[in-house]
Amino acid sequence: MNNQKEIIIAVEQVKKYFKEVKAVDGIDLKIHAGEYVALLGPNGAGKTTLVEMIEGIQQPNHGKISIKGKNWKHHQDELHRIIGLSLQETRFIDKLSVLETLNLFAGFYGLSKGKVSEILDLVNLEEKKKTWVVNLSGGQRQRLALGIALLNDPEILLLDEPTTGLDPTARREVWDILMKLKNERNTTMILTTHYMEEASYLCEKIVIMHSGKILAQGTLDELLSKHVKGEAIDFALDRSISKDDLPKTEKVIKIDYDEDNLNGEIIVEDLVSYLPKFLDVVKQNNLNLTSLECRKMTLDDLFISMTGRHLND
Ligand SMILES: Nc1ncnc2c1ncn2[C@@H]1O[C@H](COP(=O)(O)OP(=O)(O)OP(=O)(O)O)[C@@H](O)[C@H]1O
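What comes next is a walk through the structure. (Residues numbered from 1 in each chain as written. Predicted model: local features only at pLDDT ≥ 70, side-chain atom pairs only at ≥ 80, totals over all residues. Heavy atoms only, no water.)

With respect to the overall build of the protein
Heads up, the rule is: What counts as a helix is a DSSP run of H or I of at least four residues, what counts as a strand is a run of E of at least two, and both are numbered from the N terminus. Throughout this description, buried means an accessible area under 20% of the type-specific maximum (1.4 Å probe, protein chains only), exposed means over 50%, and partly exposed covers the range between. Contacts are residue-level and defined by heavy atoms, with any inter-residue pair within 4.5 Å sufficient. Every accessible area reported is derived by Shrake-Rupley at a probe size of 1.4 Å, with residue values counting cover from the shown protein chains alone. Working convention for charge: Lys and Arg count positive, Asp and Glu count negative, and His plus the chain ends are omitted. Where a charge lies is defined by one atom per residue type, namely NZ (Lys), CZ (Arg), CG (Asp) and CD (Glu).
Regarding its fold elements, the protein presents 10 helices and 13 strands. The principal-axis extents of the C-alpha atoms in the protein amount to approximately 75 × 45 × 40 Å. Here the protein holds 313 residues, and the buried ones make up 47% of them. The contacts in the protein between residues at least 6 apart in sequence include a share of 68% that link residues at least 24 apart. Accessible area for the protein stands at about 16,000 Å²; split by element, carbon and sulfur atoms hold 48% of it. The positive charge centre, built from 40 side chains, and the negative charge centre, built from 48, are 5 Å apart in the protein.

Written out as structure tokens, the structure is:
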């Protein structure tokens, strides 16, 4: 579907090395107008470095980034006008209120008071407009940073870990604002995140990064159907059993069982036919299950299968 849409950001063979550290190591990426894209990966994957090169804050050692056919070297002012960004840690002036802070940034763009009140409403900070920034919660600070990024109605929004460190409710509030933007405007967004739930919920395109490279990219369904097969049974027992006693059929993809910790994971092609056989073994051996979870495969399973690590390790 996106093939017909304009490519708004093109990253070609981009590298950024810091001495021997290959922070970004040969990335190609095309982003279409109106697309929400997640750069998902663990600490040190290169997400911030990549997004900062798209933001013009860092320059690549190699390769090319073009945004609507323009580049940071020759079209800085035009790019500043169409991009809104929120860095990993936004520093505010503590003893300015929310309203004063937004007015300050609105002044840089020559925007009206009407615009500031529209943004206060959009990021749900109307009730906090007289509160000093220093007294805001983490979630409210992030929403203020998002409000500043949205002041000039950017076509492209670049967010570096907009919900890291927030509790689930505060995270959800940020997601609601971003979904509202997606439904009401044609904003293109790139966000970096460690959270697979955030990438899956918000973004149609998920780019999985590791060690400066893209491991895989696509929609959630594409990634899962292409790279991870089966369904998982995660279990824990009250007493030990030999791994050899667990049922093996042609439908089993993988069995992991830790005899010391009495827990394991079985990946199977057909959960409905396998589960009764597994429960029979539990019963025949007079064992009790202390936990049992049957689940679909996730992006974390994909990441483990490709790197041997969890996304959040
Ligand atoms: N200015 C710098 N000097 C030296 N090394 C750097 C610099 N900036 C980043 N790096 C290194 O480059 C690698 C990628 O860092 P980057 O911050 O882009 O990763 P990230 O995926 O955003 O991680 P996080 O999720 O922790 O923010 C890391 O190994 C980091 O230590």
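Quick word on the sheet that holds strand S13 (residues 289-296)
Note the threshold: A pair of strands is considered paired only if DSSP assigns at least 2 bridges between the two. Axes, fitted as lines to C-alpha atoms, cover a helix only where it is in contact. Angles between the N-to-C directions of the axes lie from 0 to 180 degrees.
Strand order in the open sheet formed by four strands is S11-S12-S10-S13, and the pairing between neighbours is antiparallel. What marks the edges here is a single partner per strand, and that holds for strand S11 (252-258) and S13. Direction aside, the axes of adjacent strands within the sheet are offset by 10° on average. Pairing between strand S10 (residues 231-237) and S13: seven bridges, direction antiparallel. Along S13, the bridge assignment pairs Leu237 with Leu289.

Quick word on the site of the ligand
Convention followed: Each residue is tested against the molecule or strand, and it is near if at least one of its non-hydrogen atoms lies within 4 Å. Each polar contact in these results corresponds to two N or O atoms within 3.5 Å; when the atoms are within protein, one needs to be able to donate a hydrogen and the other to accept it, and residues that are neighboring in sequence are counted only if both atoms are side-chain atoms. Residue polarity is assigned by list, with Asp, Glu, Lys and Arg as charged and Ala, Val, Leu, Ile, Met, Phe, Trp, Tyr, Cys and Pro as nonpolar; anything else, Gly included, falls into the polar class.
In the vicinity of the ligand there are 14 residues, among which Asn43, Gly44, Lys47, Thr48 and Thr49 approach most closely. The contact in question runs from an oxygen atom of the ligand to an N or O atom on the side chain of Lys47, over 2.8 Å. Coverage of the ligand by the protein amounts to 61% of the 630 Å² it exposes when considered alone. When residues of the shell around the ligand are traced back to their parent elements, those giving at least two are strand S2 (21-32) and helix H1 (47-54). Among the residues forming the shell around the ligand, the class breakdown is five nonpolar, seven polar and two charged.

What about the packing of helix H5 (residues 138-150) against helix H6 (residues 168-184)?
Counted only if it meets this: When describing relative orientation, an angle under 35 degrees is termed roughly parallel and one over 145 degrees roughly antiparallel, while 65 to 115 degrees is termed roughly perpendicular and anything else oblique. Crossing handedness is defined as follows: a turn of the near helix away from the far one that is anticlockwise and smaller than a right angle gives a left-handed crossing, while the clockwise case is right-handed.
Here H5 crosses H6 at 20°, and the two axes come no closer than 9 Å. One way to sum up the angle between H5 and H6 is to call them roughly parallel. Where H5 crosses over H6, the handedness of that crossing is right-handed. Mapping the contact onto sequence places Gly139, Gln142, Arg143, Leu146 and Leu150 in H5 and Ala170, Glu173, Val174, Ile177, Leu178 and Leu181 in H6. Along the lines of polarity and charge, the residues of the contact of H5 with H6 split into seven nonpolar, two polar and two charged.

Concerning the pattern of salt bridges
Applied cut-off: The salt bridge definition used is simple: a Lys or Arg side-chain nitrogen within 4 Å of an Asp or Glu carboxyl oxygen.
Enumeration over the complete set of coordinates arrives at 15 salt bridges. For the salt bridge of Glu204 with Lys182, the shortest nitrogen-to-oxygen distance reads 2.5 Å. Here the residue Glu204 occupies a position in the loop between helix H7 (196-202) and strand S8 (205-210), and Lys182 occupies one in helix H6, the gap between them amounting to 22 residues. Exposure remark for Lys182: the relative accessible area of 23% places this residue in the partly exposed category. Across the pair Asp234 and Arg295 runs a salt bridge whose closest N-O atoms are separated by 2.8 Å. Residue Asp234 is found in strand S10, and its partner Arg295 is found in strand S13; the two are separated by 61 residues along the sequence. Of the two residues examined, Asp234 and Arg295, each falls in the buried class. If you follow the salt bridges from partner to partner, you end up with Lys115, Glu118, Asp153 and Arg185 in one network.

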